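Structural overview
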Amino acid sequence: MTAVVITPSVDRAWVRPLASLRPRGVSSVVVALDASTYLAAAEAAANAAWARGREPSPAVTAFPAPTSTDPQHVRALRHALAEYDIPTYTLRAGRRLAEVLSR
């Protein structure tokens, strides 16, 4: 069994509980969403809609701001995951999940 965590969170608090699954026979993989790229894509889509004289989709305007894009927080999360040998993949807007996981 493998737990796949897909998250934009850079909070390290969830890493240890995730690592605690290993002794129970559950491996883990993390797909870290690069939230800043999704926010930029949502803003671009909203601006394109406004430029065409249309109201942006509620899904575009409701996109939440990332919890943090601070490179130090991202590095700290990657370090915490590496401490527990949890594989991590970064998914940016416009990339396919299958493409990222196949590398």
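Residues numbered from 1 in each chain as written. Predicted model: local features only at pLDDT ≥ 70, side-chain atom pairs only at ≥ 80, totals over all residues. Heavy atoms only, no water.

A word on the confidence of the model for the chain. Residues with a pLDDT of 70 or more make up 84% of the chain, whose mean pLDDT is 83. Per-element mean pLDDT across the chain ranges from 57 in helix α3 (residues 58-61) up to 95 in helix α1 (residues 15-19). (pLDDT = per-residue confidence, 0-100. Helix = DSSP H or I, 4+ residues; strand = E, 2+ residues; numbered from the N terminus.)

The next point concerns a nonpolar patch on the surface. Nonpolar side chains collect at one region of the surface, where V4, I6, L97 and L101 lie side by side and expose about 320 Å² of accessible area between them. Looking at the nonpolar patch, the elements with two or more residues in it are β1 (2-7) and α5 (97-101). Looking at the element boundaries, L97 is found in helix α5. (Patch = residues over 30% accessible without salt bridge, like charges linked within 9 Å, V, L, I, M, F, W, Y side chains within 5 Å. Areas by Shrake-Rupley, 256 points an atom, 1.4 Å probe, with all protein chains shown as cover. Salt bridge = Lys/Arg side-chain N within 4 Å of Asp/Glu carboxyl O.)

If you walk across this open sheet you meet the three strands as β1-β2-β3, and the pairing is parallel. The open sheet has two edge strands with one neighbour each: β1 and β3 (88-91). Across the sheet, the mean angle from the axis of one strand to that of its neighbour is 20°, orientation sign disregarded. As paired strands, β1 and strand β2 (residues 27-33) are joined by six bridges and run parallel to one another. If you follow V5 over to β2, its bridge partner there is V30. (Pairing = 2+ DSSP bridges. Axes fitted to C-alpha atoms, helices over the stretch in contact; angles between N-to-C directions.)

Let us now look at the nonpolar core. Across soluble globular proteins, you tend to see nonpolar side chains buried next to one another. Counting residues in hydrophobic clusters, the biggest one holds 11 residues: A3, V10, V15, L18, A19, V26, V30, L77, A80, L81 and I86. Residue assignment for this core shows that the elements contributing at least two residues are α1 and α4 (71-83). Setting aside its immediate chain neighbours within four residues, A80 contacts R12 and V15. (Core = buried A, V, L, I, M, F, W, Y, C linked by side-chain atoms within 4.5 Å. Buried < 20%, exposed > 50% of the residue type's maximum accessible area, 1.4 Å probe, protein only. Contact = heavy atoms within 4.5 Å.)

What follows deals with the pattern of salt bridges. Evaluated as defined, the whole model comprises two salt bridges. With a shortest N-O distance of 3.4 Å, R92 and D34 are connected by a salt bridge. Taken together, the positions of R92 in the loop between β3 and α5 and D34 in the loop between β2 and α2 (35-51) put the pair 58 residues apart, joining distant regions of the chain. Taking the shortest distance from any N to any O, the salt bridge between R95 and E99 comes out at 3.0 Å.

It is worth spelling out the side chain of T7 at this point. For T7, the position within the fold is in strand β1. Beyond its immediate chain neighbours, meaning those up to four positions away, T7 contacts W14, V31, A32 and L33.

As a general feature of sheets, a regular strand has side chains that alternate between the two faces. With respect to burial, β2 is a largely interior element, five of its seven residues being buried. Both β2 and β3 contribute to a ladder of four bridges, which runs parallel. Each residue of the ladder has a partner; that of V30, found in β3, is T88.

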